[in-house]
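Commentary on secondary and tertiary structure
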Amino acid sequence: MASDLDQHFLQLAIDQARLGQETPGGAQVGAVLVEDGQLACAGFNEGDLHHDPTAHAEMVVIRRLCAQRKSTSLKGLTLYCTLQPCGMCTMACLWAGVSRIVFGAGREDVNAVYFESRHLDSADFIRHAFRSDLEIEGGVLADTCSAFYAKKEEPAPAREDPAHDPTTPPK
């Protein structure tokens, strides 16, 4: 169950998503990193802004805070994001040692275009990495977060990048 503090920090991620939506080249996924109840870093998707397919909101805040600290370790921090992290972002959290992930909208709340079509999710990556020390909680302020994204029954936004090309699961 999400605490009032979780809702507060997820609201900060929602604010970042709005900022990303309003920023030319930004996108409507927001993320914040929190340490000891204090905001450590905030950001939004910057892929089109920097012509970088890896500049998801989670990657942006991880890179920014690690660079600021001159460290690759984010042990003890919590990542809050408006959308369930994709495989790349989840693996970055694992490599950085993030202790907790809290997200708003999940795979079941939005169109599949926002996720890999391999049908794996964040929990699968964590389980297969044998990280029993990484906690993940989803669905916090899910209705507010999912309002940024196309729903399952809605047509997917037109995208011209390879990440959104349909793939078929292996046989």
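Residues numbered from 1 in each chain as written. Predicted model: local features only at pLDDT ≥ 70, side-chain atom pairs only at ≥ 80, totals over all residues. Heavy atoms only, no water.

1. As for the packing of aromatic side chains
Selection rule: Centre distance within 6.5 Å is the pairing criterion for rings of Phe, Tyr and Trp, where only the six-membered ring of Trp is used; planes under 30 degrees apart are then read as stacked, over 60 as edge-to-face, and the remainder as tilted. Comment: elements are numbered from the N terminus, with helices defined as DSSP H or I runs of at least four residues and strands as E runs of at least two. Throughout, exposure labels follow a simple rule: accessible area from a 1.4 Å probe, protein chains only, divided by the maximum for the residue type, with under 20% read as buried, over 50% as exposed, and the rest as partly exposed.
Evaluation of the coordinates by the stated rule reveals one aromatic pair. Relative to Tyr 80, the ring of Phe 9 has its centre 5.6 Å away and its plane inclined at 35°; by these criteria the two rings are tilted. With Phe 9 in helix 1 (residues 4-22) and Tyr 80 in strand 3 (residues 78-83), the pair connects residues that are 71 residues apart, well separated along the chain. Across the pair, Tyr 80 and Phe 9 agree in class, each one buried.

2. So, the nonpolar core
What counts here: To form a nonpolar core, buried Ala, Val, Leu, Ile, Met, Phe, Trp, Tyr and Cys residues must be joined to one another through side-chain atoms within 4.5 Å. We call two residues in contact whenever any of their non-hydrogen atoms come within 4.5 Å of each other.
Within the largest apolar cluster, 40 residues are counted, with the highest numbers of intra-cluster contacts made by Leu 33, Ile 62, Leu 74, Leu 79 and Ile 101. Those elements that provide at least two residues to this core are helix 1, strand 1 (27-35), helix 3 (57-69), strand 3, helix 4 (87-96) and strand 4 (100-105). With six residues, the top contributor of residues to this core is helix 3. Beyond its immediate chain neighbours, meaning those up to four positions away, Leu 74 contacts Leu 33, Ile 62, Leu 65, Cys 66, Ala 96, Gly 97, Val 98 and Ser 99.

3. Notes on the packing of helix 3 against helix 4
In plain terms, the rule: In this analysis, axes come from line fits to C-alpha atoms, helices being fitted only over the stretch in contact, and the angle between any two N-to-C directions falls in the range 0 to 180 degrees. In this scheme, roughly parallel covers angles under 35 degrees and roughly antiparallel covers those over 145, while 65 to 115 is roughly perpendicular and the rest are oblique. In this scheme the crossing of two helices becomes right-handed for a clockwise turn of the near helix relative to the far one and left-handed for an anticlockwise turn of less than a right angle. When residue character is reported, Ala, Val, Leu, Ile, Met, Phe, Trp, Tyr, Cys and Pro are called nonpolar, Asp, Glu, Lys and Arg charged, and the others, Gly included, polar.
Contact geometry for helix 3 and helix 4: axes closest at 9 Å, N-to-C directions at 25°. The orientation of helix 3 with respect to helix 4, classified from their angle, is roughly parallel. Pair helix 3 / helix 4 crosses with left-handed handedness. On helix 4, the residues touching Glu 58, Met 59 and Ile 62 of helix 3 are Met 88, Cys 89, Ala 92, Cys 93 and Ala 96. Its residues placed into classes, the contact of helix 3 with helix 4 shows seven nonpolar, no polar and one charged.

Any functional reading would require information beyond the geometric quantities listed.
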